[in-house]
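This is what each chain is made of:
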Amino acid sequence: MRGVVVAIGNFDGVHLGHRAVLGRALEEGRARGMRVVAATFHPHPRAVLRPGEAPPLLTPLPVRRRIILGLGVDEVRVIRFDGKLSRKSPEEFVREVLVGELGAAVAVVGENFRFGHRAAGDFRELERLMRSFGGEAVAVPVRGLDGGEEVSSSRIRRLVLEGRVEEAARLLGRPHAVCGRVVEGEGRGSRIGYPTANVRPEEGVAVPGRGVYACTVRVGEGRYAACTNVGVAPTFGGRSESLVEAHLLDFEGDLYGLQIEVEFLRRIRGEKKFGGVEELREQIARDLLEARRITNATI
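Quantities reported herein were computed from a predicted structural model and do not represent experimental measurements. (Residues numbered from 1 in each chain as written. Predicted model: local features only at pLDDT ≥ 70, side-chain atom pairs only at ≥ 80, totals over all residues. Heavy atoms only, no water.)

Along the chain, the position of R35 falls in the loop between α1 (16-32) and β2 (36-42). The exposure class of R35 is partly exposed, given its relative accessible area of 42%. In sequence terms R35 and D74 are 39 residues apart; their C-alpha atoms lie 6.2 Å from each other. Excluding residues within four positions of it along the chain, R35 makes contact with V4, V5, D74 and E75. A polar side-chain atom of R35 sits 3.4 Å from a polar atom in the side chain of E75. (Helix = DSSP H or I, 4+ residues; strand = E, 2+ residues; numbered from the N terminus. Buried < 20%, exposed > 50% of the residue type's maximum accessible area, 1.4 Å probe, protein only. Contact = heavy atoms within 4.5 Å. Polar contact = N/O pair within 3.5 Å; in protein donor to acceptor, adjacent residues only side chain to side chain.)

Attention shifts here to the pattern of salt bridges. This structure, assessed with the given rule, holds 20 salt bridges. When the shortest N-O distance is used, the salt bridge between K88 and E96 registers 2.4 Å. Its relative accessible area of 13% is what places K88 among the buried residues. A residue is classified by how much of its surface remains accessible, and E96, at 31% relative accessible area, is partly exposed. The network of salt bridges with shared partners includes R24, E28, R32 and E136. (Salt bridge = Lys/Arg side-chain N within 4 Å of Asp/Glu carboxyl O.)

Time to look at the sheet that holds strand β11 (residues 259-269). If you walk around this closed barrel you meet the six strands as β6-β7-β10-β9-β8-β11, and the pairing is antiparallel. Each adjacent strand pair in this sheet contributes to an overall mean axis angle of 45°, direction not counted. Where strand β7 (residues 197-201) and strand β10 (residues 243-248) come together, three bridges link them in antiparallel fashion. Paired with N198 across the bridge in β10 is E245. Across the sheet, helix α8 (residues 165-172) touches β6 (176-183), β8 (211-219) and β11, and the angle it forms with β11 is around 120°. (Pairing = 2+ DSSP bridges. Axes fitted to C-alpha atoms, helices over the stretch in contact; angles between N-to-C directions.)

Over its 17 residues, α1 runs 24 Å from end to end, which matches the ideal 24 Å to within 8%, given 1.5 Å per residue. Taken together, the buried positions of α1 are occupied by G17, H18, V21, L22, A25, L26, E28 and G29. Positive backbone phi, approximately 70°, marks G33, located one or two places after α1. (Expected span 1.5 Å × (residues − 1).)

Two faces make up the sheet, and in a regular strand the side chains alternate between them. Here β8 lies mainly inside the structure; eight of its nine residues are buried. Two elements, β8 and strand β9 (residues 222-231), share nine bridges in a ladder whose sense is antiparallel. The residue of β9 that forms the bridge with A214 is C227. Two successive antiparallel strands, β8 and β9, enclose a turn made up of two residues, where G220 displays a positive phi of approximately 60°. Sheet topology places β8 next to β11; seven bridges connect them, and they run antiparallel. By the bridge assignment, R218 is partnered in β11 with E261.

Relative to the assigned elements, H44 resides in the loop between β2 and α2 (45-49). For H44, the contacting residues outside a window of four places in its chain are N10, P55, L57 and R157.

As structure tokens, this is what we get:
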């Protein structure tokens, strides 16, 4: 049989369910002597079908591509999701995209995969259509990976937004991370003895709920323990939007302008308004000790 094995899905987060699909695709590829291609949609389908209602992403496209390639697939192909694609019937999608553009001889999907106009196609339809074009389809169970519940991007996204980053990490198979460029802040951290890297997250990315977190921060090839605040600085009068402010432990140097990656390990406490700067400084000292204790096992 000619062609490639294609694992297809949105793959936002590349969570345990996605990894099960990609792992099965790699097994099929090895057994058949075929290349393995991961096909992901961009932008998120809801950004097209329901403008203004797109969910925040767990993994921006470059990060998603990097993680997927790191699992061993040969190539990541991006399927542009637009109005034209959304109107294709299940048969048109398989014939023109899956078989025509991607060259799929075997399609590997999660058991709940839907496709075609108004999500009319399910796995049985995919299996029938792939067979009609001389190929095969394989469904991978995604239930039972977490005590019987389905592992989904929407579930993980909700956990992240609620600040429940430990639970999110368990379903992702790694800590949730926010990438962004370090920008100049208001200098309050430096003035009270705890300078922070003010991270401007990439647009449309899921940022954990307000609070203080134990984190690790990747700077180039280095990885540092950090205590990170996500919030509006209520002690200083607040601001209109939450910022990600990371105090790196045992780091010396200038981070301005650098792209860094903040991995959220555990929420230490919620955001709180303190009675004054000295009270805040004492709490930060306690937060740093807790962050160091939590991150000691990971650095």
